[in-house]
Amino acid sequence: DWDEKSGLAAAIFGGPDKYHLDCELPGTLPAEEMGRILEEIRRAAEHQGEAAEVLGGVEWKTVGELSAINVNISPRGDSTSIQIVGNRGPAGGVTFIFPMMGAGVLVGILGAIFEPTSAAGIVSLVTGTLGAGFLTARTIWTASSKRFRERLTRIMDRVSVSVERTALPPDLDPETPDQDP
């Protein structure tokens, strides 16, 4: 179940900067399976990251990447909850700053070459060049957002399949007390 932060900014820039993917599967994970689940996360993310045990579950996050990913696997009653959160805010800043800086430099170079003498010429030069920088940044952002979303989907697919294979049905969970009358 995807939750992407959409709105005016996402429409203007070509994609959201925050993603949330949520899945709840029946059964509970035995503690000894958490290591294998972490291996699946790392393999799917193609990143070592950091892991920590949190309230009977596991939390994994990327380290040193501009596009952060957090994966949380936790028990929830007789089921296992998987949540994946992606935050591309810092990557968005970098994606837009460099093309816009390049466009700004290009405005200076073209201005020195053509030496526009009218206000219309100056405005045309500046808006045309900065517009091209913005369109370049938007194209880069849209393509990288698509790849990021595919990466999150790949992580969820691998983790959910692993959880389904290893989760104990509620009636086989050793921590669940006998409910015989």
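The structure we're discussing is the one just above.
The structure presented is a predicted model; accordingly, all values stated were derived computationally and were not measured. (Residues numbered from 1 in each chain as written. Predicted model: local features only at pLDDT ≥ 70, side-chain atom pairs only at ≥ 80, totals over all residues. Heavy atoms only, no water.)

Caption draft 1: Examining the overall build of the chain more closely. Scanning the chain from N- to C-terminus turns up four helices and six strands. Reading the chain from its N end, one meets helices and strands in the order β-α-β-α-β-β-β-β-α-α. Relative to the globule expectation of 16 Å for 181 residues, the C-alpha radius of gyration of the chain, 24 Å, shows a markedly less compact shape. Its C-alpha atoms put the chain at 95 × 30 × 20 Å along the principal axes. (Helix = DSSP H or I, 4+ residues; strand = E, 2+ residues; numbered from the N terminus. Rg over C-alpha atoms; globule rule 2.2 N^0.38 Å.)

Caption draft 2: Structural view of the pairing of strand E4 (residues 57-61). Bridge analysis of strand E3 (residues 50-54) against E4 gives five bridges, and the strand direction is antiparallel. Note that in E4 the partner of Glu53 across the bridge is Val58. Counting the residues that bridge the hairpin from E3 to E4 gives two residues, and of these Leu55 lies at a positive phi of roughly 50°. The pairing of E4 with strand E5 (residues 68-76) spans four bridges and is antiparallel. Following the sheet pairing, Glu59 is matched in E5 by Asn72. (Pairing = 2+ DSSP bridges.)

Caption draft 3: Representation of the packing of helix H3 (residues 89-114) against helix H4 (residues 119-166) in the model. Direction vectors running N to C along H3 and H4 enclose 155°, while the axes themselves pass 8 Å from each other. Accordingly, the angle class assigned to the pair H3 and H4 is roughly antiparallel. The element H3 and its partner H4 pack so that their crossing is right-handed. Touching Ala91, Gly92, Thr95, Phe96, Pro99, Met100, Ala103, Gly104, Leu106, Val107, Leu110 and Gly111 of H3 are Leu125, Val126, Thr129, Leu130, Gly133, Phe134, Thr136, Ala137, Arg138, Ile140 and Trp141, all from H4. The class makeup of the residues in the contact of H3 with H4 is 15 nonpolar, seven polar and one charged. (Axes fitted to C-alpha atoms, helices over the stretch in contact; angles between N-to-C directions. Parallel < 35°, antiparallel > 145°, perpendicular 65-115°, else oblique. Left-handed = near helix turned anticlockwise from the far one by under 90°. Contact = heavy atoms within 4.5 Å. Nonpolar A, V, L, I, M, F, W, Y, C, P; charged D, E, K, R; others polar.)

Caption draft 4: Layout of H3. End to end, H3 covers 37 Å across 26 residues, agreeing with the expected 38 Å (1.5 Å per residue, within 8%). Turning to H3, its buried residues number three or more, namely Ala91, Gly92, Thr95, Phe96, Pro99, Ala103, Val107 and Gly111. In the core, the buried residues of H3 are packed alongside helix H1 (8-13) and H4. A positive backbone phi angle near 45° is found at Glu115, which sits one or two residues after H3. (Expected span 1.5 Å × (residues − 1). Buried < 20%, exposed > 50% of the residue type's maximum accessible area, 1.4 Å probe, protein only.)

Caption draft 5: How the structure looks around the packing of aromatic side chains. Going through the model one piece at a time under the given rule, you end up with five aromatic pairs. Ring centres of Phe96 and Phe134 lie 5.7 Å apart, and the angle between their planes is 45°; on these two criteria the pair is classed as tilted. Taken together, the residues span a long stretch of sequence, with Phe96 in helix H3 and Phe134 in helix H4 at a distance of 38 residues. You can call Phe134 partly exposed: its relative accessible area is 24%. Aromatic pair Phe96 and Trp141: ring centres 6.5 Å apart, planes at 55°, arrangement tilted. (Phe/Tyr/Trp six-rings, centres within 6.5 Å; stacked < 30°, edge-to-face > 60°.)

Caption draft 6: Geometry of the pattern of salt bridges. According to the stated counting rule, one finds seven salt bridges in the structure shown. A salt bridge links Arg43 to Glu40, with the nearest nitrogen and oxygen atoms 2.9 Å apart. Of this pair, Arg43 and Glu40 both sit in helix H2 (residues 34-45), three residues apart, which is roughly one turn of the helix. For Glu40, a relative accessible area of 15% translates into the label buried. Residues participating in the shared-partner salt-bridge network are Glu39, Glu40, Arg43 and Arg158. (Salt bridge = Lys/Arg side-chain N within 4 Å of Asp/Glu carboxyl O.)

In short, shape yes, function no, at least from these values alone.
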